[in-house]
Amino acid sequence: QVQLVESGGGLVQAGGSLRLSCAASERPYSMYTMAWFRQAPGKEREFVAVISRSGTGTKYTDSVKGRCTISRDIGKSTVDLQMSNLKAEDTAIYYCAARSGAAMTTARDTYDYWGRGTQVTVSS
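Computed from a predicted model, the values in this text were never measured in an experiment. (Residues numbered from 1 in each chain as written. Predicted model: local features only at pLDDT ≥ 70, side-chain atom pairs only at ≥ 80, totals over all residues. Heavy atoms only, no water.)

**Considering the overall build of the protein**
Consideration 1: A count of helices and strands for the protein gives zero helices and 11 strands.
Consideration 2: Taken from N to C terminus, the helices and strands of the protein fall in the order β-β-β-β-β-β-β-β-β-β-β.
Consideration 3: Since a compact globule built from 124 residues should have a radius of gyration of about 14 Å, the 13 Å found for the protein is in line with a globular shape.
Consideration 4: Per-residue burial over the protein gives 40% buried out of 124 residues.
Consideration 5: Restricting to contacts in the protein with at least 6 residues of sequence separation, those with at least 24 account for 60%.
Consideration 6: For the protein, the centre of its 15 positive side-chain charges and the centre of its 11 negative side-chain charges are spaced 3 Å apart. (Helix = DSSP H or I, 4+ residues; strand = E, 2+ residues; numbered from the N terminus. Rg over C-alpha atoms; globule rule 2.2 N^0.38 Å. Buried < 20%, exposed > 50% of the residue type's maximum accessible area, 1.4 Å probe, protein only. Contact = heavy atoms within 4.5 Å. Lys, Arg positive; Asp, Glu negative; His and termini not counted. Charge placed at Lys NZ, Arg CZ, Asp CG, Glu CD.)

**Let's talk about the pattern of salt bridges**
Consideration 1: Under the definition given, this model contains four salt bridges.
Consideration 2: Note that Arg38 is salt-bridged to Glu46, the shortest N-O span being 2.8 Å.
Consideration 3: Judged by its relative accessible area of 34%, Glu46 falls in the partly exposed class.
Consideration 4: Across the salt bridge formed by Arg67 and Asp90, the nearest N and O atoms sit 2.8 Å from each other. One end of the pair, Arg67, is in the loop between β6 (58-60) and β7 (68-73); the other, Asp90, is in the loop between β8 (78-83) and β9 (92-99), and 23 residues separate them in sequence. Here Arg67 matches Asp90 in class, with each residue buried.
Consideration 5: Counted as one network, the salt bridges with shared partners bring together Arg38, Glu46, Arg67 and Asp90. (Salt bridge = Lys/Arg side-chain N within 4 Å of Asp/Glu carboxyl O.)

**Thoughts on the pairing of strand β1 (residues 4-7)**
Consideration 1: Burial along β1 is one-sided: Leu4 and Glu6 are buried, and none of Val5 and Ser7, which face the opposite way, are.
Consideration 2: As paired strands, β1 and strand β3 (residues 18-24) are joined by four bridges and run antiparallel to one another. Following the sheet pairing, Glu6 is matched in β3 by Cys22. (Pairing = 2+ DSSP bridges.)

Below you can see the structure in the form of structure tokens.
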């Protein structure tokens, strides 16, 4: 089993930057594909970004591409989500997720482990 804990959320101004971090209990965790999802009020949980087991492959949803970078530190068992040029529409609870398979999927029901989430609020 893997426990995931997100951190770094908070209130930021539009146009600002924010770095979210996800800490995994398993070290190393190279056997897990890691992803970030988010859920805004009244919306379904949606895919944001995913990173491969090796850390060499990434994928982003169109709404954040160019403003977001996902990365992982194998030694520290952490996955970060660096966001810039934040918009009010980025306001959501952000969740870290992990799956044991190598496929870089975007569907939430394909992930086995989830963190509790961290709130990101962007003021306009």
